[in-house]
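Remarks on the overall topology
Each chain, written out:
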Amino acid sequence: MRHLLCVVSIVVLASLGVAQDAGNANPSAQQPKGPDAKYNLIPGFDATAMDKSADPCVDFYQYACGNFSKIHPTPSDAPEFDEFYNLMEYNTQVLHDILEQATSSRAPAGSNEQKIGDFYESCLDTAAIEKHGLEPIQAQLQQIAALKSKAELPQLAARLNRMGVGVFFDYSSMPDFKDATMEIAAIDQGGLGLPEKDFYLRTDAKSEELRKQYVAHVAKMLSLLGEAQDAAQADAQKIMDFETALAKGSLGVVERRDPEKDYHMMPLASFAATAPAIEAPKYIEWIGSPQVEKLNVVSPDFFPALNKAIDATDLPVLQAYMRVHLADSFASRLPHAFDDEHFDFYGRKLQGTPEQQARWKRCVESTDGSLGEALGQIYVQKYFTPDMKAETVQMVRDIEAAMGKDIDAIDWMSPETKVKAKEKLHAVANKIGYPNKWRDYSKLDIQPNDAFGNTMRAREFENAYQLNKIGKPVDRQEWEMTPPTVNAYYNPTENNINFPAGILQPAFYDKNASAATNYGHIGAIVGHELTHGFDDQGAKFDADGNLHNWWTAQDKKNFDEKTDCIANEYSQFTAVDDIKVNGRLTLGENTADNGGLRLALMALIAHQAEAAHGNASSEQNEEQSFTPQQQFFLGWAQNYCATQRPEFARMLARIDPHSPDHIRVTGVVVNMPDFAKAFSCKAGQPMAPAKACRVW
Ligand SMILES: [Zn+2]
């Protein structure tokens, strides 16, 4: 249960980006890239993305990013494209090289190289996968078919959950919000096939249409599994009814951001009584968890709803439900008809992506997902240089110093709370690049020519690893992202910020760009993560990572007024078509974007005062035609130059705690008088409104 992690960019599984030759200055329209396209790094300062005919004071996103979608149209196999995607694709190519070497080197059995090589190679072998047909999931299908009564459900649910099949609910470990040094057991809502609760409940035409498509998908999966057409159709509708009942009992996306609504410690026996159908005490044993006397019931209303839904649904429907989730969960390791149907709904219908990613890319990504610290270890040895780390460490220190000054200067916080805020700031731990201590995969068996078995064992290994933490101290050295990941996060219960090696490259950090551009790019991302410690969610956790109020009542009231201003401001922005930004869902990210950019600017100014940084190379003339502050704001904006498919944009507007990319750019600059000054905007112009919001 790690959903409170504050990342800088949404994590999308069907990922792909497009490349633009770094030196191409001709912003004429390009053809979208296909699945095997090559990707190059985008420079930190990218003049080709700009639309200089636009007025920066009218629409800064258009000015900084107006040509981006012309030179980087969304690739045919991606739901969107931006600098994050581009770098992710670039890293995927690098990982691909590592994996190709690992497969040809025939490393000793049991070594990390053997494991990543065999995992990757077996994943690629679609002929073998095709030949095996449904045989790999035969045992599970038989167990499902053999159920004689609902009393046998919990044991089977435990078996499926252990394999990463998300039926009925979730059970895992998490840090105790009230004692962040310890790991506890957590039981949570789950069991849905659509992204979250409201996808089952909205009544607009597009939502109704998507539900019809989902029911058709479920029916198709059932018929691929051998069910007759009519029966499959009827079962699919009943599965929809069952999942809708679970959705109604679930917490929504906004509520789930509130740690107080996610924390309900209960004795196991009292919890078990709220949902007898899942036999919690025995389930915990069956899934292989250490015994517990109490646990966090993350979403307490869910379990009575689940219990009722199980009671009200016929056993054959629940069996069909488990079969569909099993097949969807392993679709990429089953014959192509399953894989294609899975993509058709989750890629094409839900996200608008026309084409499935190339198999090799999906296999690279899944090796990273299953053996991330084995693959990542080789990745950092080869590609992460000490200067990348040193520069980032320095920037993080500069930005932390800026936050200290910011806390000193703000006028709405009492000296008493300021002491606590600075205590928290000074306790923030910085993790940069990769873990000090690598995961041990020696107990994970990876075999050649066993795509399904490898994935299943990797999932069981991961599940056992997470459950084994229960009752033990939290390991703060552990990472929640793999080293090549193009993202970053703040962890509120550990009070640390984490920057994987994967993001510390162009465009985010570019040693050929000016300091100003880099402060706007990666510097603002560092500031973003640091500010998460002090957004509406992070501010509820103290220096030690405990959910514990450290604010005076008046200061908290002042803080809430400031964050309300941001929430109301963003709620007026349009995300896509008829959908407005959800100001409450995106409040933490918007606060972090606003605070992060201010801190980065303060740090840049301090940096400039300290030393005249040699930042101009002869090819950077265009960059140097802008003032450092303009470069800074352009660097910020270009973090979020993006192109998106409308279906994907609609989905994100419902579930993504980040605002849409263009809003991330304009929403912040309208709140910063420094921006208006840098571009000589007149008061009252769209990017220099009279009313501005500011928290940090
Ligand atoms: Zn964030």
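Here, every reference points to the structure presented above.
Residues numbered from 1 in each chain as written. Predicted model: local features only at pLDDT ≥ 70, side-chain atom pairs only at ≥ 80, totals over all residues. Heavy atoms only, no water.

**Quick look at the packing of helix H4 (residues 112-124) against helix H15 (residues 359-370)**
Packing of H4 against H15 brings their axes to within 9 Å, and their N-to-C directions diverge by 145°. In the packing of H4 onto H15, the handedness of the crossing is right-handed. Note on element contacts: H15 touches H4 through Arg359, Trp360, Cys363, Val364, Ser366, Thr367 and Ser370, opposite Ile116, Phe119, Tyr120, Cys123 and Leu124. Taken together, the residues of the contact of H4 with H15 sort by class into eight nonpolar, three polar and one charged. (Axes fitted to C-alpha atoms, helices over the stretch in contact; angles between N-to-C directions. Helix = DSSP H or I, 4+ residues; strand = E, 2+ residues; numbered from the N terminus. Left-handed = near helix turned anticlockwise from the far one by under 90°. Contact = heavy atoms within 4.5 Å. Nonpolar A, V, L, I, M, F, W, Y, C, P; charged D, E, K, R; others polar.)

**Observations regarding the pattern of salt bridges**
Per the stated rule, a full pass over the model turns up 29 salt bridges. As a salt-bridge pair, Lys220 and Glu341 come within 3.6 Å of each other at their nearest N and O atoms. You can see Lys220 sitting in helix H8 (residues 205-224) and its partner Glu341 sitting in helix H14 (residues 336-351), a full 121 residues away along the chain. A single network of salt bridges, built from pairs that share partners, joins Asp258, Glu260, Lys261 and Lys540. (Salt bridge = Lys/Arg side-chain N within 4 Å of Asp/Glu carboxyl O.)

**Examining H4**
The terminal C-alpha atoms of H4 lie 18 Å apart, and with 13 residues this matches the ideal 18 Å at 1.5 Å per residue to within 8%. All buried positions along H4 are accounted for by Gln114, Lys115, Ile116, Gly117, Asp118, Phe119, Tyr120, Ser122 and Cys123. Buried residues along H4 sit against helix H3 (83-105), helix H5 (126-132), H15, helix H16 (372-383) and helix H19 (451-467). (Expected span 1.5 Å × (residues − 1). Buried < 20%, exposed > 50% of the residue type's maximum accessible area, 1.4 Å probe, protein only.)

**Remarks on the sheet that holds strand S8 (residues 489-491)**
In space, the four strands of this open sheet follow the order S1-S8-S9-S7, with mixed pairing throughout. Because the sheet does not close on itself, it has two edges, and the strands there are strand S1 (6-7) and strand S7 (429-433). (Pairing = 2+ DSSP bridges.)

**Let's talk about the pairing of strand S6 (residues 294-297)**
The side chains of a regular strand alternate between the sheet's two faces. Alignment of strand S4 (residues 179-189) against S6, held across two bridges, turns out to be parallel. What sits directly across from Ala186, in S6, is Asn296. Relative to S6, strand S5 (residues 265-267) runs antiparallel, the two sharing three bridges. Across the sheet, Pro267 pairs through a bridge with Lys294, a residue of S6.

**A short note on the environment of Ala515**
Summarising the element assignment, Ala515 is placed in helix H20 (residues 515-532). Assessed through its relative accessible area of 8%, Ala515 is described here as buried. On a C-alpha basis, the gap between Ala515 and Tyr63 in space is 21 Å, while along the polypeptide they are 452 residues apart.

**Focus on the packing of aromatic side chains**
Considering all chains together, one arrives at 38 aromatic pairs under this definition. A centroid spacing of 5.2 Å and a plane angle of 55° characterise the contact between Phe60 and Phe679, whose relative ring orientation is tilted. Taken as a pair, Phe60 in helix H1 (residues 60-65) and Phe679 in the segment after helix H27 (673-678) lie far apart in primary sequence, 619 residues in all. Accessibility classification places Phe60 together with Phe679 in one group, the buried group. Ring centres of Phe534 and Trp550 lie 6.4 Å apart, and the angle between their planes is 85°; on these two criteria the pair is classed as edge-to-face. Separated by 16 residues along the polypeptide, Phe534 in the loop between H20 and helix H21 (553-571) and Trp550 in the loop between H20 and H21 bring together distant segments of the chain. (Phe/Tyr/Trp six-rings, centres within 6.5 Å; stacked < 30°, edge-to-face > 60°.)

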